[in-house]
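So the chains spell out like this:
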Amino acid sequence: MSAPSSAAAALRTRRIWRESAVNLMYLPAVALFVVFIVIPVVQGVAIALTNWDGYSAQRSFVGLDNFARIFTDENFATALRNTFIFGVGSTLIQQVLGLLFAVLLDRKFRGRGFARAVIYLPVLVSPVVMGTMYYLVFRYHQGALNDILGVLGIAQVSWLSDVNVAVAVIVLINSVQFMGVSMLIYLSGLQGIPAEIKEAASLDGATGWRQFFAITVPQLTPAFAASVVLNLIGGLKLYDIIQVLTGGGPGYATNSLSTLIGRTYFGNQAAGYAAAQGIVLFLIIVVCTIALNWWFDRTRNRLEN
Amino acid sequence: MKITRTIIAATAALAGASLALTGCSAGGSDDGSSKITFSLYMTADSPAKAVYEELIDEFTARTGIEVEMSYDTTNYENNIKVQMAANNLPDVFATHGWSVLRYSDFLAPLNDRSWVADVNPALDKSMRDSEGNIYALPLEYTVAGIDVNLDVLEAAGVDADAITTWGDFDDALTKVKAAGVTPITASGKSSSAGNMADYIASNAFSDSEKQKFTDGDFDVDAWSSAVLSHVAGWQKDGYFNPDYVSASLDDMASQLAQGQAAFALVPASSILGTALKINPDANIGFVPVPSDDGEQYTVGGEGINSFGVAKASKNKDAALEFVDFLAEPANAAKVAGSLGSYSGLTDVTADLGVLQASYDKWVAPGTIPTMPFFDRVYLPGGIWNAMIATTDSVITGQSTADDAAEQLKVQFDTLYGQ
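Owing to the predicted nature of the structure, the values given are computational and were not obtained by experimental measurement. Throughout this description, residue numbers start from 1 for each chain and increase along the sequence as written. In the order they appear in the text, chains get letters beginning with A and ligands get numbers beginning with 1. With the structure being a predicted model, the display of local features is reserved for residues of pLDDT at least 70 and the display and counting of side-chain atom pairs for 80 or more, all residues being used for whole-chain, interface and lining totals. Side-chain numbers come from the whole structure's heavy atoms, not from hydrogens or water.

(A) Structural context of the packing of aromatic side chains. Pairing of aromatic rings covers Phe, Tyr and Trp, the last counted by its six-membered ring, and requires centre-to-centre distances within 6.5 Å; plane angles under 30 degrees mean stacked, over 60 mean edge-to-face, and any other angle means tilted. Taken as a whole and assessed by the stated rule, the structure comprises 34 aromatic pairs over all chains. With a centroid separation of 5.1 Å and an interplanar angle of 75 degrees, the aromatic rings of A:W295 and A:F296 are classed as edge-to-face. Taking the centre distance of 4.9 Å and the plane angle of 65 degrees together, the rings of B:F169 and B:F263 count as edge-to-face. Of the two residues, B:F169 is situated in helix α6 (residues 166–178) and B:F263 in strand β8 (residues 261–264); the sequence distance between them amounts to 94 residues. For B:F169, a relative accessible area of 0% puts it in the buried group. Clustering of aromatic rings is evident, with ring pairs tying together B:F205, B:F213, B:F218, B:W223, B:F374, B:Y378, B:F412 and B:Y416. The rule is short: NZ of Lys or CZ of Arg within 6 Å of the ring centre and within 35 degrees of the ring normal puts a charge over the ring. Over the ring of A:W52 we find A:R59, and its NZ or CZ is 4.2 Å from the ring centre. Secondary structure elements follow DSSP: runs of H or I no shorter than four residues count as helices, runs of E no shorter than two count as strands, and numbering proceeds from the N terminus. Type-normalised accessible area, obtained with a 1.4 Å probe on protein chains alone, sets the label of each residue: buried when under 20%, exposed when over 50%, and partly exposed for intermediate values.

(B) Representation of the sheet that holds strand β4 (residues 137–138) of chain B in the model. All names here are of chain B. A pair of strands counts as paired when DSSP detects no fewer than two bridges linking them. Pairing is mixed across the open sheet formed by five strands, whose spatial order is β2-β1-β3-β11-β4. Edge positions in the sheet fall to β2 (66–72) and β4, since each has one partner strand and no second. Taken together, the two bridges between strand β1 (residues 35–41) and strand β3 (residues 92–94) define a ladder with parallel strand orientation. Within β3, the position partnered with S39 by the bridge is F93. For this analysis, residues touch if any pair of their heavy atoms sits within 4.5 Å. To get an axis, a line is fitted to the C-alpha atoms, and for a helix only the part in contact is used. The angle between two axes follows their N-to-C directions and goes from 0 to 180 degrees. Packed on one face of the sheet, helix α2 (residues 47–63) meets β1, β2 and β11 (306–309) and runs near 165 degrees to β2. Contacting β1, β2 and β3, helix α3 (residues 76–85) crosses the sheet at an angle of about 140 degrees to β1.

(C) Highlighting the sheet that holds strand β10 (residues 298–302) of chain B. All names here are of chain B. Taking strand neighbours across the sheet as the criterion, the three strands line up as β5-β10-β12 in an open arrangement whose pairing is mixed. Whereas interior strands pair on both sides, the edge strands pair on one side only; in this sheet they are β5 (141–144) and β12 (370–372). Pairwise comparison of adjacent strand axes, ignoring direction, gives a mean angle of 35 degrees for this sheet. Summarising the sheet, β10 and β12 pair through three bridges and their orientation is parallel. The residue of β12 that forms the bridge with T298 is T370.

(D) The arrangement of helix α13 (residues 257–267) of chain A in detail. Among the eleven residues of α13(A), eight are classified as buried, and the element is accordingly described as predominantly covered. Elements that come into contact with the buried residues of α13(A) comprise α4 (74–105), α11 (221–236), α12 (240–245) and α14 (271–304) of chain A together with α3 and α16 (384–395) of chain B. Count one or two residues on from α13(A) and you reach A:Q269, which has phi positive near 55 degrees.

(E) Geometry of the interface of chain B and chain A. Tallying the contact residues gives 35 residues for chain B and 37 residues for chain A. Carbon and sulfur atoms supply 54% of the area that chain B and chain A bury against each other, a total of about 3,100 Å² over both sides. Salt bridges are identified by distance alone: a Lys or Arg side-chain nitrogen within 4 Å of an Asp or Glu carboxyl oxygen. Along the contact surface separating chain B from chain A lie one salt bridge. For B:D251, the salt bridge is made with A:R139, and the minimal N-O distance between the two is 2.9 Å. Polar contacts here mean pairs of N or O atoms no more than 3.5 Å apart (in protein, one a potential hydrogen donor and the other a potential acceptor; neighbouring residues in sequence count only if both atoms are side-chain atoms). Connecting chain B to chain A are 13 residue pairs in polar contact (both at pLDDT 80 or more). Elements represented by at least two residues in the side of chain B that touches chain A include exactly α1 (2–25), α3, α10 (249–257), α16 and α17 (401–417) of chain B. A per-class count over the side of chain B that touches chain A returns twelve nonpolar, 16 polar and seven charged. Simply put, the buried area is the total loss of 1.4 Å probe accessible area from both parts when two parts are fitted together. The nonpolar class holds Ala, Val, Leu, Ile, Met, Phe, Trp, Tyr, Cys and Pro. Asp, Glu, Lys and Arg form the charged class, and all remaining residues, Gly among them, are polar.

(F) Layout of the pairing of β2(B). All names here are of chain B. Sheet topology places β1 next to β2; seven bridges connect them, and they run parallel. Bridge pairing in β2 links S39 to S70. We call a crossover right-handed when, viewed with both strands directed away from the observer, the connection leading from the first strand over the helix to the second proceeds clockwise. Once the chain exits β1 it traverses α2 before rejoining the sheet at β2, and the crossover so formed is right-handed.

(G) Inspection of the layout of surface pockets at higher detail. Residue and element names in this part refer to chain A. Here a cavity denotes grid points, spaced 1 Å and computed from the protein atoms alone, that fit a 1.4 Å probe unable to get out, and a pocket denotes an open set having protein on both sides within 12 Å along at least 5 of 7 lines; residues with an atom within 4 Å of a point are the lining. Grid points are joined across faces, edges and corners, and a volume is the space filled by probe spheres set on the points. Within this model, the second largest pocket holds a volume of roughly 770 Å³. Contributing to the lining of the second largest pocket are 22 residues, with I261, A274, G278, I279 and L281 lying nearest its centre. Sorting the residues of the lining of the second largest pocket by element identifies α2 (23–48), α13 and α14 as the ones contributing at least two each. The element contributing the most residues to the lining of the second largest pocket is α2, with eight residues. Broken down by class, the residue content of the lining of the second largest pocket amounts to 16 nonpolar, five polar and one charged.

(H) Structural context of the domain arrangement of chain B. Residues and elements named next belong to chain B. Segment limits for the domains were obtained from an automatic or database-derived domain assignment. Per the domain assignment, the segments of chain B are domain 1 (12–142 + 302–358) and domain 2 (145–299 + 362–417). Just the C-alpha atoms count here: the centres of domain 1 and domain 2 sit 29 Å apart. Taken together, the contacts link 15 residues of domain 1 with 21 residues of domain 2. Interface of domain 1 and domain 2: buried area, both sides summed, is about 1,600 Å²; carbon and sulfur atoms make up 60% of it. Among the residues of domain 1 in contact with domain 2, V354, L355 and S358 are the three that bury the most area, contributing 34% of the side total. Scanning the region where domain 1 abuts domain 2 turns up zero salt bridges. Connecting domain 1 to domain 2 are three residue pairs in polar contact (both at pLDDT 80 or more). Partitioning the side of domain 1 that touches domain 2 into residue classes produces seven nonpolar, four polar and four charged.

What follows is the structure, given as structure tokens:
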């Protein structure tokens, strides 16, 4: 009896080992996630509760003072407003342009692949390069735009001195750069709509705009969800283009939360306060993402029912 | 079993790769080998770069110690702060005016080096701590005034030597503008707005007012009326370059060199190299900073090219030897000459090129006081960025002088409490 039972036990152990060994497959990913995400987030929270300057050995516990300061900080309010303008503005423009190009380039015509590549190409360019390119367009002296105005005999304009223009330019650059992502998502969504549905709609007399709004748009809801969430997160985290184009100025007027955090941490040597700002930005992005996903899920369920 | 072996092998490979990466990131060497790291606050096109490279070759040939040089400007301070937080500083690095206030906890005192006896005593206030320790070799002693294009001033009928009060300066700005030239060039893409506030503040307050700043009491009214009101007035009268927001230091240099602007309130050493590249014949100099009561002054102190040795350096002996080598009069003179700047060592004489006449007129006689940069002595470390942003907001008309001073007070109070 003992021999067969020990063999069975060994077999059972081997089976458990084999089944549990699969856990080793994701262990490296978990380890990297813990090292590069979890530990920094926990450390960020710990730093946010101190008045650390970012480099010295001394720091004192200040409780929630850094979080309380956020509510009275005008620069944070400006950066928060800008962050939403960058996030929502870029997302709206990217959806409109992305969907437009997706619909246009979903048709079969000569050079379609080339056109798709051209629209997508800016995604591959570093935002720093993109920002620098547009800096050379909008700068006052030797800026491309002012050179054109000069040729036309029109007085030069200091484009980036006007906060509203500077914010609009930043939104525009970010939108132009990443509309290719939206186009790609909508293209895959369009190609996933069964031809039979459109044919049936045509037979029922729904063509053109009516078919687009009654059939195509509802069918694209999952694509909308993916594209909007991706673009919104990118817009809310916008950093590079602002840094290169305006550096957050004039004053603090064009800062996003990301650039303000950088300035607060390194420039103002207030790592504790910068960490608190970072945690607030993180929470804003989490709330927006959850809210949008919830809304898109509900919309999709309503349409499917 | 094969799968398990594969997993174990993959995990081992990953661990090995991680170890290798960790090894790559380690700075210095444990065996005290003869290689040191040397970080400079310098642009790639600085005339000083070739001089440093030449000196490093000479040092290596003489001692066998290799020197790995790196340089940056935009991210230099941020990088050094990160390295400080990680206690992984370069063996030798530029302290750019902050050897005592920011870096002294991380630097080895250099009191026992032979060249310390030759450090200009005028630097004592900014380069020695309360116990008299010195932490950096001052290859550069910044003595700065208001940069001028003398040809522009002459054409506008302005006598640069006669500008002793802010009223005189305002009159000069009016004449320059009437002559069709931009009176003041400044740059929103650099820290020139902070320089402007520093220049004005350095002689704007009484001793009791300065003491209040030192004691942690930021006087909003005083800062607004004595410092930012000047800037606000210049902004209101349209004296700044119209491209201020998008202008860089190079643009400032270009405008001054080409006679498109008359004045610049930044240390000449930060724009001179570029200015002379653009126009080698530019008639550029500097004049002392005026004040309300007519007492002219220059501003200055520890220059960008001052070098400290990291206290935790594993190659401290080699690093100290390198700093001593840089301090040798012939070598220090080469560096100062390439920077167009005074040396902080009294036994070094440098050819200051186009600025020589200004130095001879305003600095050499020793009759005009050199005030330390205001923020480095009377304001808490870390205020610099807020000084730039708040002055910038006045130049661009985003804030009034009062509002900007209030903003600066918020940052002052936070930093003072740290």
